[in-house]
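The chain contents come next:
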Amino acid sequence: MTGPQGQPVFLRLGPPPQEPNQFMVDGAPQSYPPEVQARLEVDAKEIIGRYPHKRSALLPLLHLVQGEDSYLTPAGLEFCAKQLELTGAEVSAVASFYTMYRRGPTGAYLVGVCTNTLCAVMGGDAIFETLKEHLAISNDETTSDGSITLQHIECNAACDYAPVVMVNWEFFDNQTPESARELVDSLRSGQPKSPSRGAPLCAFREMSRILAGLPDQRPDDGQGGAGAATLAGLRVAQENDMQAPTPPEDES
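Because the structure is predicted, anything quoted here is derived from the model rather than measured. (Residues numbered from 1 in each chain as written. Predicted model: local features only at pLDDT ≥ 70, side-chain atom pairs only at ≥ 80, totals over all residues. Heavy atoms only, no water.)

Think of two packed helices as two axes; the pair is described by the angle between the axes and how far apart they sit. Taken N-terminus to C-terminus, the directions of helix α5 (residues 117–135) and helix α6 (residues 177–189) make an angle of 40°; their axes are 9 Å apart at the nearest point. Classified by the interaxial angle, the pair formed by α5 and α6 is oblique. As α5 runs across α6, the sense of the crossing is right-handed. Facing α5, whose interface residues are A126, I127, T130, L131, H134 and L135, α6 presents P177, A180, R181, V184, D185 and R188. Here the contact of α5 with α6 is built from residues that sort into seven nonpolar, two polar and three charged. (Axes fitted to C-alpha atoms, helices over the stretch in contact; angles between N-to-C directions. Helix = DSSP H or I, 4+ residues; strand = E, 2+ residues; numbered from the N terminus. Parallel < 35°, antiparallel > 145°, perpendicular 65-115°, else oblique. Left-handed = near helix turned anticlockwise from the far one by under 90°. Contact = heavy atoms within 4.5 Å. Nonpolar A, V, L, I, M, F, W, Y, C, P; charged D, E, K, R; others polar.)

Quick look at the structure:
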């Protein structure tokens, strides 16, 4: 580049910053033992068979190997690449895009506190700070007993129940610092509280296998469906006989 007088200006650039949380963690498996490889291949074959093009199975296969290691490891990425006939770069590019794929060892329960705008102003920031202090860990760290990994998460489309805490992707609605402390204490005691909606909690590795598309053995406790807060707008529309406008006729 040149300066105001047309003289060349040289900028000394420092070393490139290291991108955090790459798929290289001390102690991470580089390959799977034959018995693990064979077991995962059985599951992978079932998953891949659901797709007309095998590469379409990459996302569920990433969940599968995450269920094996609790995070994505070089062994898991290599397994996915070989099963789908993809390059390591292709697998890593997809895996690094989605935040549900973990970059480091994850506890039995992944506790996520939404700190997006609405949850934050409704108390999400206070909940997150309370849990960091209560568990003596920072963002994306795991407790010493391996029970809980804490992270702040982006919006999970549950703004009508803000502030929301998620445990292994199950919703705990309308939380407070006090209720969030009680929640994590229940997880560490081995007697986890029931989610506000959805199936009972299971361990993070098991949830990863469920997200891969393998059978979900959890009982249906009847907690599904939309709640009153979600349906409030619909109720107002019905009470006031509000109708959607008629679309214009196609004049073409």
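The next point concerns the UniProt feature "binding site: [2Fe-2S] cluster" (unreviewed entry) in the protein. The UniProt entry lists C114, C119, C155 and C159 under the feature "binding site: [2Fe-2S] cluster" (unreviewed entry), expressed in the numbering used here. In sequence the annotated residues extend across 46 residues, while in space they remain close, none of their C-alpha pairs exceeding 9.5 Å. Position of C119 relative to the elements: it lies in helix α5. Judged by relative accessible area, which is 4%, C119 ranks as buried. If sequence neighbours within four positions are ignored, C119 has contacts with C114, G124, A162, P163 and V164. Considering the arrangement of structural elements, one finds C159 in the loop between β3 (148–153) and β4 (165–167). (UniProt positions renumbered as here; feature names shortened; annotations may be inferred. Buried < 20%, exposed > 50% of the residue type's maximum accessible area, 1.4 Å probe, protein only.)

Side chains of L59, F97 and Y98 sit close together on the surface and give an oily, nonpolar patch of about 310 Å² of accessible area. You can see F97 is positioned in the loop between α4 (88–95) and β1 (109–114). (Patch = residues over 30% accessible without salt bridge, like charges linked within 9 Å, V, L, I, M, F, W, Y side chains within 5 Å. Areas by Shrake-Rupley, 256 points an atom, 1.4 Å probe, with all protein chains shown as cover. Salt bridge = Lys/Arg side-chain N within 4 Å of Asp/Glu carboxyl O.)

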